[in-house]
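Spelled out, the chains give:
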Amino acid sequence: MTDYSIFQNRWQITARLTLVTPLRIGGGQNAGAYSLSQSPVLLSYDAQTKKPDPYIPGSSLKGVLRSTVERIIRTFNENKSCIAVSNKRDNNLLCGKEDCIPCSIFGSQAEGASIRVQDAHLSNELNQNLALGERPHCATIYSKREHEYVMQTKRKGKGQVPRIHTRFEEVITANNSFDVTINLDNANEQEVGFVLLALNEFNHKRCCLGGGTSRGNGFVDVNRVRVAKKIVDNDDDSLFQVKTEQMDPIMFCNAAKKYLKNIDNGEDTDSRDFDVYYRAYSTDKLEGNVIVPYEIVTTKDFQMPGADEATVTNQGVPIIPGSTIKGFLRHTLISNGEDADTIDELFGASVGNNQHRSRILISDAFPLEQFASNDIIPKNTRLKLWMVFDNIERHEVELISNILKKECTITGKSVADPNKTGKSSRNVVKFHPVLPEKFEANKFLELMV
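Thresholds, definitions, all that
Residues numbered from 1 in each chain as written. Predicted model: local features only at pLDDT ≥ 70, side-chain atom pairs only at ≥ 80, totals over all residues. Heavy atoms only, no water. Helix = DSSP H or I, 4+ residues; strand = E, 2+ residues; numbered from the N terminus. Buried < 20%, exposed > 50% of the residue type's maximum accessible area, 1.4 Å probe, protein only. Polar contact = N/O pair within 3.5 Å; in protein donor to acceptor, adjacent residues only side chain to side chain. Contact = heavy atoms within 4.5 Å. Expected span 1.5 Å × (residues − 1). Axes fitted to C-alpha atoms, helices over the stretch in contact; angles between N-to-C directions. Parallel < 35°, antiparallel > 145°, perpendicular 65-115°, else oblique. Nonpolar A, V, L, I, M, F, W, Y, C, P; charged D, E, K, R; others polar. pLDDT = per-residue confidence, 0-100. Patch = residues over 30% accessible without salt bridge, like charges linked within 9 Å, V, L, I, M, F, W, Y side chains within 5 Å. Areas by Shrake-Rupley, 256 points an atom, 1.4 Å probe, with all protein chains shown as cover. Salt bridge = Lys/Arg side-chain N within 4 Å of Asp/Glu carboxyl O. Phe/Tyr/Trp six-rings, centres within 6.5 Å; stacked < 30°, edge-to-face > 60°. Lys NZ or Arg CZ within 6 Å of the ring centre and 35° of its normal.

Novice: Any chance you could explain the side chain of Thr-269 here in plain terms?
Specialist: Mapping Thr-269 onto the fold places it in the loop between helix H5 (249–263) and strand E15 (288–298). On the basis of relative accessible area, Thr-269 is assigned to the buried category, the value being 16%. Polar contacts involving the side chain of Thr-269 include one to the side chain of Glu-78, which spans 3.2 Å. At a separation of 3.1 Å, a polar atom in the side chain of Thr-269 contacts the main-chain amide nitrogen of Ser-271. Ignoring sequence-local partners within four residues, the contact set of Thr-269 consists of Glu-78, Val-276, Tyr-278 and Arg-279.

Novice: What is the right way to look at helix H1 (residues 58–76) in this model?
Specialist: Since there are 3.6 residues in each turn of an α-helix, residues three or four apart along the chain are aligned in direction. Taking 1.5 Å of rise per residue, 19 residues should cover 27 Å, and H1 covers 28 Å from first to last C-alpha, within 8% of that figure. Counting buried positions over the 19 residues of H1 gives 14, a clear majority of the element.

Novice: Which parts of the structure should I look at to understand the packing of helix H6 (residues 322–335) against helix H8 (residues 394–404)?
Specialist: Packed helices, taken two at a time, are described by the angle between their axes plus the distance between the axes. Running from N to C, H6 and H8 point in directions that differ by 100 degrees, and their axes come no closer than 11 Å. With respect to each other, H6 and H8 are oriented roughly perpendicular. Of H8, the residues touching H6 (which contributes Phe-328, Leu-329, Thr-332 and Leu-333) are Leu-399, Ile-400, Ile-403 and Leu-404. When grouped by side-chain class, the residues that make up the contact of H6 with H8 number seven nonpolar, one polar and no charged.

Novice: Is there a simple way to think about the environment of Tyr-4 in this case?
Specialist: Positionally, Tyr-4 belongs in the segment before strand E1 (10–19). Residues Tyr-4 and Ala-113, 109 residues apart in the sequence, show an inter-C-alpha distance of 9.7 Å. The residues contacting Tyr-4, other than those within four sequence positions of it, are Ser-104, Glu-111, Gly-112, Ala-113, Ser-114, Asp-185 and Asn-186.

Novice: Help me understand helix H7 (residues 340–347) in this model?
Specialist: Taking burial as the measure, the eight residues of H7 include seven buried ones, the bulk of the element. Regarding H7, the residues found buried are Ala-340, Thr-342, Ile-343, Asp-344, Glu-345, Leu-346 and Phe-347. Along its buried surface, H7 packs onto strand E7 (142–145), strand E8 (148–151), H6, strand E18 (360–362), strand E20 (382–392) and H8. The backbone nitrogen of Asp-341 lies 2.8 Å from a side-chain oxygen of the residue at the head of H7, namely Asp-339. Once H7 finishes, Gly-348 follows within two positions and takes phi at roughly 95 degrees, a positive value.

Novice: Hey, could you run me through the environment of Ile-56 in this one?
Specialist: On the secondary structure map, Ile-56 appears in strand E3 (residues 51–56). In this structure Ile-56 comes out as buried when scored by relative accessible area, which is 2%. Sequence separation between Ile-56 and Leu-23 is 33 residues; the distance between their C-alpha atoms is 9.2 Å.

Novice: Could you clarify how one ought to interpret unusual backbone geometry in this entry?
Specialist: We note that Arg-224 has phi near 50 degrees; this positive angle belongs to a residue other than glycine. By the element assignment, Arg-224 lies in strand E13 (residues 220–232). Positioned with a positive phi, Arg-279 is a non-glycine residue whose angle comes to about 55 degrees. Locating Arg-279 in the fold gives a position in the loop between H5 and E15.

Novice: Any chance you could explain the confidence of the model for the chain here in plain terms?
Specialist: As a note on interpretation, predicted positions should not be read in detail where pLDDT is low. When the pLDDT values of the chain are averaged, the result is 90; 94% of them are 70 or greater. Of all the helices and strands in the chain, helix H3 (residues 128–131) carries the lowest mean pLDDT, 66, while helix H4 (residues 189–203) carries the highest, 98.

Novice: Quick question: what am I supposed to make of a nonpolar patch on the surface here?
Specialist: On the surface, Phe-7, Val-232 and Val-242 cluster together into a nonpolar patch covering about 240 Å² of accessible area. Note that Phe-7 resides in the segment before E1.

Novice: What's the story with the packing of H7 against H8 in this structure? I'm lost.
Specialist: Direction vectors running N to C along H7 and H8 enclose 90 degrees, while the axes themselves pass 11 Å from each other. Our classification of the angle between H7 and H8 gives roughly perpendicular. Residue-level inspection shows Thr-342, Glu-345, Leu-346 and Phe-347 of H7 in contact with H8, the latter providing Glu-396, Leu-399 and Ile-400.

Novice: Whenever I open this one, the packing of aromatic side chains confuses me. Can you help?
Specialist: Here a ring pair, both rings aromatic, is described through the centre-centre distance and the interplanar angle of the planes. Under the definition given, this model contains six aromatic pairs. Centre to centre, the rings of Trp-11 and Phe-252 are 5.1 Å apart; their planes meet at 75 degrees, and the pair counts as edge-to-face. On the criterion of sequence distance, the pair formed by Trp-11 in strand E1 and Phe-252 in helix H5 is long-range, its members being 241 residues apart. Both residues of the pair, Trp-11 and Phe-252, belong to the buried class. With 4.0 Å between their ring centres and 20 degrees between their planes, Tyr-277 and Phe-439 make a pair best called stacked. With Tyr-277 in the loop between H5 and E15 and Phe-439 in the loop between strand E23 (437–438) and helix H10 (441–444), this pair connects stretches of sequence that are 162 residues apart. Each member of the pair, Tyr-277 as well as Phe-439, is classed as buried. Among the aromatic residues, those joined into a ring-pair cluster are Phe-76, Tyr-277, Phe-439 and Phe-444. For Arg-272, the ring lying beneath its charged end belongs to Tyr-278, and the centroid distance is 5.8 Å. If you follow Arg-330 out to its NZ or CZ, it ends over the ring of Tyr-149, 5.1 Å from the centre.

Written out as structure tokens, the structure reads:
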């Protein structure tokens, strides 16, 4: 158990966190005073600038860091780390054991945390109109009947149309950056290393921040990482003076990796829960935790109405929302008669005995080149996105990849065929996968240089 009655050291980690896709951390009623959105993000009033600004609560980042550290350790040996959050009755929740690294860093019911994660504020002065945006979400409503999903419809004119649920959510737009500061008191180099490894998982797109991650939110990059060690100078002439020494972050990461190598049991777990990386020892590149970058090419103009704009944009640049692509994939599998249990396994389930989040996370698709219009994405434009297959089986990846081999109309008929010609006049794209990256245990254990 860590002794906090005496100051031994403080490790300070600073970093720059940049949003690759929009971030949403809901503010609830408390944010209503600062936003006109029906679903605002969390905002903090700055008395100096006299305006509210978005920020990332330290508690949000701390929670992701803990679950990521747990996941890394449990992948190599499930007996060496507890779980902080689970929907199961598990004696291994917040164990507080002396040799449990996550409990030592992040705290438990038995002792306090050595880590303090400060709120992260915007790195530079930005107009709030650029920092915040409004995103529409349109979901087709299905009902589950035995082993299949059936689309719900309603009468319109002389025919039937799908029932949909539309809502708008406020987000912090992509490309904004936040300054991160993390302090660890009386921690060892190994524990600092695990926090750094967890931060680096953001760069590999293996963890995300905030809400709505399955539909494209919360992909971030972490860079400019620095580590400083603070100790009390023992020199009698400088009593109570704190010395600060800059340290090499790689040294700490390698200390954590050496610990993992020592506890590594070399065995894959059969569990597909998100507290481990599934099939981390398998040589099959299309099972486990697999991140596939895709390049998209628009074969026709793309336009999907946003909130008070001709097409959805990020800071005025037209994009294709990840939620649109995810909805297209789910709808296609249902239309193809795929079993409802398979749909739930891939896209998540909120009822029943197998509740879990989506195994497929799809980022927004951002243009790789500039174009003149702010109202459409022109034909033959290249865009890039990330598709995360989290603890997935090969046959499930193939279900998705087989759909994406053909040209795809990724929005509904009313948007893709506004003139009702029976043929899509826009919103047709082609997907081209780039080299996938899988979490591989042996590769992860390689020391950094």
